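This is what each chain is made of:
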Amino acid sequence: MIDVSNLNFTYEQSKKHAVKGLDFHISKGEIFGFLGPNGAGKTTTQRLIIGLLKGYTGKIEIMGKERSKWNKDFFEHIGVAFDFPNLYTKLTGEENLKLISSYYKKQPENLDLLFDKVGLSKDKHTKVESYSKGMKMRLNFIRSIMHDPDIMFFDEPTSGLDPVNAKIIKNMITEMKDNNKTVFLTTHNMTVAEQLCDRVAFINDGCISVIDSPQDLMIENGEAVVNVAYKQGNKLLNSSYPMKGLYENQDFINLLKTDTVVSIHSKEATLEDIFIKLTGRELS
């Protein structure tokens, strides 16, 4: 669905070389994540693909066609929700969606259902100027998907949301994947990336350092160790054992036989651990 090759971009005024030789592809039905700190080049890359920024070098191919060859019909195929919602604050939530939907050939089938899914049913007739940031984020999210696009671009889709509403948005993104939609997600939230993405790219200072699935990255960069939490009397204790030869490790076997085991888990690295290891930078 998206094929990017040797992509470079420099902001004209600041002369900042924001994107440097990027190469990646995103398949149909895949949730692909760009993981990196603020200013790493995540949003710039999305804006180049969408067409909000021009003057790049390299190749951006969308659904088999070079980005520069697309006309305005391109926007029938994509949905976009950025971290800072651009909404008409003097209009109600419903009026916002009806106005934007008039720009598309494909009309929403059920706006009421979308409002209900994100918990905004009772606020759809309220002017957006009185919405909280979380409410604006949810309205902006359903605005981006109401015309049933093939590719979604989400920039920090759970920013400003409480855990309940963040879970609703994450579940809806997962549903899109189940319906064979393609999602390009940028975030510095490692938990969101771990939960949603089939693959992630680490980007820092405009360069990609690695692309892989979150699970493979965590396993490859983790320690081959099992951590066991157990109780001896009223004391909660922890012990670690190497995975190699674990089935015949007598200390581990004795612990299982004689003590009350509370939890056993392997010691995978987190995506944040891996990012810092590869780039030397924090994600936030």
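As a convention, each chain's residues are numbered from 1 in the sequence order in which they are written. The predicted nature of this model means local features are confined to residues of pLDDT at least 70 and side-chain atom pairs, given and counted, to a pLDDT of 80 or more, with totals for whole chains, interfaces and linings taken over all residues. Here the side-chain values reflect all heavy atoms present in the structure, with hydrogen atoms and water set aside.

K.L.:
Could you give an account of the overall build of the chain, naming the residues involved and the relevant values?
P.N.:
Put simply, DSSP H or I for four residues or longer makes a helix, DSSP E for two residues or longer makes a strand, and each gets a number counted from the N terminus. Helix and strand counts for the chain come out as 9 helices and 13 strands. Overall, the C-alpha framework of the chain stretches about 70 × 45 × 35 Å when taken along its three principal axes. Throughout this description, buried means an accessible area under 20% of the type-specific maximum (1.4 Å probe, protein chains only), exposed means over 50%, and partly exposed covers the range between. Here the chain, with 284 residues, has 46% of them falling under the buried criterion. Whether two residues touch is decided by their heavy atoms; if any such pair falls within 4.5 Å, the residues are in contact. Relative to all contacts within the chain whose residues are 6 or more apart in sequence, the contacts with residues 24 or more apart total 66%. Here the accessible surface of atoms and residues is derived via Shrake-Rupley with a 1.4 Å probe, and residues count as covered only by protein chains that are part of the display. Total accessible area on the chain is roughly 14,600 Å²; 49% of this is exposed by carbon and sulfur atoms.

K.L.:
I'd love a proper account of the side chain of Ser-213, names of residues and values included.
P.N.:
Position of Ser-213 among the secondary structure elements: in the loop between strand E10 (207-212) and helix H7 (214-221). Exposure remark for Ser-213: the relative accessible area of 15% places this residue in the buried category. At 3.1 Å, the side chain of Ser-213 and the backbone nitrogen of Asp-216 are in polar contact. Ser-213 has contacts with Asp-198 and Arg-199, leaving out every residue within four places of it along the chain. Polar contacts, as used here, are pairs of N or O atoms within 3.5 Å; protein pairs need one atom able to donate a hydrogen and one able to accept it. Residues neighboring in sequence count only if both atoms are side-chain atoms.

K.L.:
Which residues make up the sheet that holds strand E3 (residues 31-35), and what are the values?
P.N.:
Pairing within the open sheet is mixed, and its 6 strands lie in the order E6-E7-E8-E3-E9-E10. Each end of this open sheet is capped by a strand with a single partner; those strands are strand E6 (78-81) and E10. On average, each strand axis in the sheet is tilted by 15° relative to the strand beside it, whichever way the strands run. A pair of strands is considered paired only if DSSP assigns at least 2 bridges between the two. Across 5 bridges, strand E9 (residues 199-204) lies against E10 in antiparallel orientation. Looking across to E10, one finds that Ile-203 is bridged to Ile-208. To get an axis, a line is fitted to the C-alpha atoms, and for a helix only the part in contact is used. The angle between two axes follows their N-to-C directions and goes from 0 to 180 degrees. Packing against the sheet, helix H4 (residues 133-145) makes contact with E6 and strand E7 (151-155), and its axis sits at approximately 170° to E6.

K.L.:
I'd like a rundown of the packing of aromatic side chains, residues and numbers included.
P.N.:
Given two aromatic rings, their pairing is described by the distance between the two centres and the angle made by the two planes. Note on aromatic contacts: the rings of Phe and Tyr and the six-membered ring of Trp form a pair at centre separations within 6.5 Å, being stacked when their planes are under 30 degrees apart, edge-to-face when over 60 apart, and tilted otherwise. Within the structure shown, the criterion is met by 13 aromatic pairs. An aromatic cluster of at least three residues, connected via ring pairs, comprises Phe-24, Phe-32, Phe-34, Phe-153 and Phe-184. Above the face of the Trp-70 ring, Lys-65 is positioned so that its terminal group lies 4.3 Å from the ring centre. The rule for a charge over a ring is simple: NZ of Lys or CZ of Arg within 6 Å of the ring centre, and within 35 degrees of the ring normal. Directly above the aromatic system of Phe-74 lies the positively charged group of Arg-67, at a separation of 3.9 Å from the ring centroid.

K.L.:
Explain the pattern of salt bridges to me, and be specific about the residues and the numbers.
P.N.:
Within this document, salt bridges are pairs made up of a side-chain nitrogen of Lys or Arg and a carboxyl oxygen of Asp or Glu, the two lying within 4 Å of each other. The full count for this structure, using the stated rule, is 10 salt bridges. With a closest N to O distance of 3.4 Å, Lys-105 and Asp-73 form a salt bridge. On the criterion of sequence distance, the pair formed by Lys-105 in the loop between helix H2 (93-101) and helix H3 (111-117) and Asp-73 in the loop between strand E5 (65-66) and E6 is long-range, its members being 32 residues apart. The shortest N-O distance in the salt bridge between Lys-124 and Asp-112 comes to 2.6 Å.

K.L.:
Explain the nonpolar core to me, and be specific about the residues and the numbers.
P.N.:
Taken as a class, soluble globular proteins show a tendency for nonpolar side chains to be buried jointly. In these notes, a set of buried Ala, Val, Leu, Ile, Met, Phe, Trp, Tyr and Cys residues joined through side-chain atoms within 4.5 Å is what counts as a nonpolar core. With 43 residues, the main nonpolar core has Leu-139, Phe-141, Ile-142, Phe-154 and Ile-173 as its most contacted residues. Sorting elements by how many residues they give to this core places H4 first, with 6 residues. Apart from residues lying up to four places away in sequence, Phe-154 is in contact with Gln-46, Ala-81, Phe-141, Ser-144, Ile-145, Ile-173, Met-176, Val-183, Phe-184, Leu-185 and Thr-186. Residues Ile-26, Trp-70, Phe-82 and Ile-151 belong to the second largest nonpolar core, which totals 27 residues.

K.L.:
Now, about helix H5 (residues 163-178): what can you tell me, with residues and values included?
P.N.:
Between its terminal C-alpha atoms H5 stretches 22 Å, which fits the 22 Å expected from 16 residues at 1.5 Å a residue. Regarding H5, the residues found buried are Asn-165, Ala-166, Ile-169, Lys-170, Met-172, Ile-173 and Met-176. Take H5 and look down its axis: the buried residues cluster within an arc of 155°, on one side only. Pointing more than 90 degrees away from the buried face of H5 are the exposed residues Pro-163, Val-164 and Asp-178. Lining the buried residues of H5 we find E3, H3, H4, E7, strand E8 (182-187) and helix H6 (190-196). Sitting at the amino-terminal end of H5 is Asp-162, which places a side-chain oxygen 3.0 Å from the backbone nitrogen of Val-164. Directly after H5, the chain includes Asn-180, whose backbone phi takes a positive value near 70°. How far a helix is expected to stretch is found by multiplying one less than its residue total by 1.5 Å. Each direction from the helix axis to a C-beta atom contributes to the arc, which is the arc of those directions.

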